[in-house]
Amino acid sequence: MSETPLFRVRFWGVRGSYPTPGPHTVRYGGNTTCVEVEVGGHTLILDAGSGIIRLGDELVRRASGSALDMAVFITHGHGDHLIGLPFFAPLYEQNTRITFFAPRLAGRDVQELVTTLMSPPYFPVEMQRLPSQRLFHTLSDAAQMLWHAGEPAPTIKEEGATGQATDVHVSMHLVSNHPQNGAAVYRIEYAGRRLVF
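All figures in this text were calculated on a predicted structure; none of them were measured in a lab.

S.K.: Hey, could you run me through the overall build of the protein chain in this one?
M.R.: When helices and strands are tallied, the protein chain shows two helices and eleven strands. Order of helices (α) and strands (β) in the protein chain, N terminus to C terminus: β-β-β-α-β-β-α-β-β-β-β-β-β. Over its C-alpha atoms the protein chain spans a radius of gyration of 16 Å, differing by no more than 12% from the 16 Å that the globule rule assigns to 197 residues. The C-alpha extent of the protein chain, read off along each of the three principal axes, is 50 × 40 × 35 Å. In the protein chain, which comprises 197 residues, the share counted as buried stands at 46%. The contacts of the protein chain with a sequence gap of at least 6 include a subset with a gap of at least 24, amounting to 59%. Carbon and sulfur atoms make up 50% of the accessible area of the protein chain, which amounts to about 10,300 Å² in all. Averaging the coordinates of the 16 positive side-chain charges in the protein chain and doing the same for the 18 negative ones gives two points 6 Å apart.

This is the structure:
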């Protein structure tokens, strides 16, 4: 009997606007948007709301000193989708590689979008000074990322990417209905399963 390929989704934050901690949010959670997707041996993270703080602690615990490699996909630049990033523990780990993906939003590429949040006067520790390795990919509409089996980094194509059944395939499309300067919709496909976020 063969094992079913892993495609696990965990919601670390589901709220919008601002975190709402307390007993009234225990059942559904009070953290803002952050979703972890474990797929084909890769860790993909959708948005960096306050839920990413607990996720980061859990990822460091799971790694137990081993190298961490993950991809963070940002849907749009509202604060509730980024607020947890300065407190994301893997950023402060030397053996971590984080690849950030997002479309150009309000004229800013993904590196500007993310690093501005962690720059004075907004935050006392600049992202450029952190020990983790960070890569940034600003995506155009219809961009596609393929993680080939056994490869830590994806191949990025603008459109028409095709892969094997063993590949993790992520595609991005822009929408303009929220917010006004655009947002990304991501589709993750692997082993006959699909998640759209």
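Picking up after the structure, the text goes on.
S.K.: When you look at the nonpolar core in this model, what are you seeing that I'm missing?
M.R.: Grouped burial of nonpolar side chains is what soluble globular proteins tend to show. Formed by 48 residues in total, the largest nonpolar core has its most connected members in L44, F73 and I188. Looking at this core element by element, the count peaks at five residues for strand β4 (residues 68-73). Those residues in contact with F73 that sit more than four places away from it in its chain are L44, I45, L46, D47, F101, M145, W147, V170 and Y186.

S.K.: So what exactly am I meant to see when it comes to a nonpolar patch on the surface here?
M.R.: Residues V9, F11 and V14 make up a contiguous nonpolar surface patch of about 260 Å² in total accessible area. Position of V14 among the secondary structure elements: in the loop between β1 (7-13) and β2 (34-39).

S.K.: I tried to follow the pattern of salt bridges on my own but got confused; where do I start?
M.R.: Close approach of charged atoms allows side chains with opposite charge to pair. The final tally for this structure, using the stated rule, is nine salt bridges. Salt bridges sharing common partners tie together R8, E36, E38, E58, R61 and R62.

S.K.: Sorry if this is basic, but what is going on with the pairing of strand β7 (residues 144-147) here?
M.R.: Two faces, one strand: in a regular strand the side chains alternate between the faces of the sheet. Of the two faces of β7, the one lined by Q144 and L146 and the one lined by M145 and W147 are each fully buried. As defined by bridge partners, β7 adjoins strand β8 (residues 155-157) across three bridges and the pair is classed as antiparallel. Within β8, the position partnered with Q144 by the bridge is K157.

S.K.: Sorry, what's going on with the side chain of E58 here?
M.R.: Note that E58 resides in helix α1 (residues 51-63). For E58, the side chain forms a polar contact with the side chain of R61, separated by 2.6 Å.

S.K.: Before we go on, may I ask you to explain the packing of aromatic side chains in this structure?
M.R.: Aromatic ring pairs are reported here in terms of the distance separating the ring centres and the angle at which the planes meet. Considering all chains together, one arrives at six aromatic pairs under this definition. Here the aromatic rings of F87 and F123 are separated by 5.4 Å at their centres, their planes lie at 85°, and the arrangement is edge-to-face. In this pair, F87 is assigned in the loop between β4 and β5 (96-103) and F123 in the loop between α2 (110-117) and β6 (133-139), connecting sequence segments 36 residues apart. We classify F87 as partly exposed; its relative accessible area is 47%. Each member of the aromatic cluster is reached from another via a ring pair, and the members are F73, F101, W147 and Y186. The ring of W12 has R10 lying over it, and the distance from NZ or CZ to the ring centre is 4.0 Å.

S.K.: So what exactly am I meant to see when it comes to the sheet that holds β6 here?
M.R.: Working definition: the strands of a sheet are paired by backbone hydrogen bonds and lie parallel or antiparallel to each other. Read across the open sheet, the six strands follow the order β1-β2-β3-β4-β5-β6; overall the sheet is mixed. Edge strands, defined here as strands with exactly one partner in the open sheet, are β1 and β6. Direction aside, the axes of adjacent strands within the sheet are offset by 20° on average. On the sheet, α2 packs against β5 and β6 and is oriented at approximately 130° with respect to β6.

Definitions and limits used
Residues numbered from 1 in each chain as written. Predicted model: local features only at pLDDT ≥ 70, side-chain atom pairs only at ≥ 80, totals over all residues. Heavy atoms only, no water. Helix = DSSP H or I, 4+ residues; strand = E, 2+ residues; numbered from the N terminus. Rg over C-alpha atoms; globule rule 2.2 N^0.38 Å. Buried < 20%, exposed > 50% of the residue type's maximum accessible area, 1.4 Å probe, protein only. Contact = heavy atoms within 4.5 Å. Areas by Shrake-Rupley, 256 points an atom, 1.4 Å probe, with all protein chains shown as cover. Lys, Arg positive; Asp, Glu negative; His and termini not counted. Charge placed at Lys NZ, Arg CZ, Asp CG, Glu CD. Core = buried A, V, L, I, M, F, W, Y, C linked by side-chain atoms within 4.5 Å. Patch = residues over 30% accessible without salt bridge, like charges linked within 9 Å, V, L, I, M, F, W, Y side chains within 5 Å. Salt bridge = Lys/Arg side-chain N within 4 Å of Asp/Glu carboxyl O. Pairing = 2+ DSSP bridges. Polar contact = N/O pair within 3.5 Å; in protein donor to acceptor, adjacent residues only side chain to side chain. Phe/Tyr/Trp six-rings, centres within 6.5 Å; stacked < 30°, edge-to-face > 60°. Lys NZ or Arg CZ within 6 Å of the ring centre and 35° of its normal. Axes fitted to C-alpha atoms, helices over the stretch in contact; angles between N-to-C directions.

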